[in-house]
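Below are the chains, spelled out letter by letter.
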Amino acid sequence: MMTERSNESDKRRIALDRITDPALAAVAQKFFARERLDEADGLVCLETRDLLGLGQLAYAARIARFGKRAFYVVNHHLNYTNICANACKFCAFHRTADSTDGYLLSPGEAASRISASAPMELKEVHLVGAINPEPDFSYFVDLLAAVKKAAPRAELKAFTAVEIDHIARRAGLSWEECLTTLRAAGLSALPGGGAEVFSERVRQMLFPSKISAETWLAVHATAHRLGIGTNATLLFGHLETPTETIKHFARLRAQQDQTRGFRAFIPLVFHPRNTEMAHLPGPTGVEILKVIATARLMLDNIPHIKAYWIMLGLKLAQTALHFGADDLEGTIVHEKITHEAGATTSVGLSRKDLEELIVDAGFQPVERDTFHQTVAAL
Ligand code: V47
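### Section: the packing of helix α4 (residues 51-66) against helix α12 (residues 285-298)
At a closest axis distance of 9 Å, the pairing of α4 and α12 adopts a crossing angle of 40 degrees. As far as their axial angle goes, α12 and α4 are oblique. Judged by the twist between their axes, the crossing of α4 over α12 is left-handed. Here L51, L54, L57, A58, A61, R62, R65 and F66 of α4 lie close against α12, whose contacting residues are V286, L289, K290, A293, T294, R296 and L297. Across the contact of α4 with α12, the residue classes break down as 10 nonpolar, one polar and four charged.

Following this line, the structure appears as structure tokens:
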């Protein structure tokens, strides 16, 4: 015990010695004293020039929770429609109803897409679309049932809070009634998309038609009350300020203190191509690593931080595992939202590819399901 304790304090001393930014060193003292970081500390993390010092703290936090394990899921991302009434300026995926390449998959077509890609292997289907005014409530029930039939071993992580709000309104249901019925049809969890950044200033500039931060958080709170686990995201690298990023983390953390239902946080790297914001450069590698590391340190009550390789690229996703991330998301099969906005990664990866990436980064791959339960370890 004594040896373990002195090893632990040696490690802290070494970590503190290596921090070159005095403001970050003060944050590190709080971190090692197990004090919760406040918004000012978060800002220090995001703005420090001591990238490696910050990375070490975030690495210590991820190792304390998960050791050298790094998670992935064998999943399939499917977008049932791209027709959207919201027309967010950061999005290259949405189409108008009269567009020649707008689509709405029938439940049967959605099931066929899933059936075409080793459906018995799948542990999860990530099923999201857009704010399409056409389909009625029975469509969503039939869609879940058809996809579940095509991939019976998969959990369905379906519909963002933005879609749940739209589906419920269109059907004249409360969020609770809507979620309860969708759960009976096969829904297991909600993905984290649609949060963007909890800033009314940025919402007015980039996504004025989308639900507000308050509504997004309230839909998730309803899901959590019903025992439906959800994820959370931040879309970053566009017009947001560092303070707005930190406030986003603070609001997620405050809600999680109350509702405890967020399982994972996914930082979404803004891709500008083919969007109305194509003049923006998107974030740099250093900015991306800082957001991931700061998320790990600030979101102390959300267990998993995903390095979504589709948006990070494989090399930065591997690096992110050393900067606080513990999960690479999944096999995906055919990603569309980021690729329409210029992503240069492949649209999917095999289980073997993911495991090799994790091993090469110095971690132990662990296959998980939607609930982050271990499926099989190497
Ligand atoms: O909701 C849209 C964002 C999200 C762009 O919950 C863009 O497990 C970057 O939410 N550049 C979809 N981002 C992705 C998503 C997600 C991915 C993986 C796992 C999970 C999960 C969730 O991507 C959208 C939107 O916030 N987005 N356009 C763009 N141009």
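### Some points on the packing of helix α2 (residues 22-32) against α4
At their nearest, the axes of α2 and α4 sit 10 Å apart, and the two run at 10 degrees to each other. Judged on the interaxial angle alone, α4 and α2 are roughly parallel. Counted together, L24, A28, F31 and F32 of α2 and G53, L54, L57, A60 and A61 of α4 form the full contact between these two elements. Considered class by class, the residues forming the contact of α2 with α4 number eight nonpolar, one polar and no charged.

### Comments concerning the site of the ligand
As a structural note, the neighbourhood of the ligand is formed by 24 residues, with F90, K157, G192, E196 and K306 the closest of them. Here a nitrogen atom of the ligand and a backbone polar atom of F90 are 2.8 Å apart. Here a nitrogen atom of the ligand sits 2.8 Å away from a polar atom, N or O, in the main chain of H271. The protein chains hide 95% of the 610 Å² of surface that the ligand would expose on its own.

About the criteria used
- Residues numbered from 1 in each chain as written.
- Predicted model: local features only at pLDDT ≥ 70, side-chain atom pairs only at ≥ 80, totals over all residues.
- Heavy atoms only, no water.
- Axes fitted to C-alpha atoms, helices over the stretch in contact; angles between N-to-C directions.
- Helix = DSSP H or I, 4+ residues; strand = E, 2+ residues; numbered from the N terminus.
- Parallel < 35°, antiparallel > 145°, perpendicular 65-115°, else oblique.
- Left-handed = near helix turned anticlockwise from the far one by under 90°.
- Contact = heavy atoms within 4.5 Å.
- Nonpolar A, V, L, I, M, F, W, Y, C, P; charged D, E, K, R; others polar.
- Near = heavy atom within 4 Å.
- Polar contact = N/O pair within 3.5 Å; in protein donor to acceptor, adjacent residues only side chain to side chain.
- Areas by Shrake-Rupley, 256 points an atom, 1.4 Å probe, with all protein chains shown as cover.

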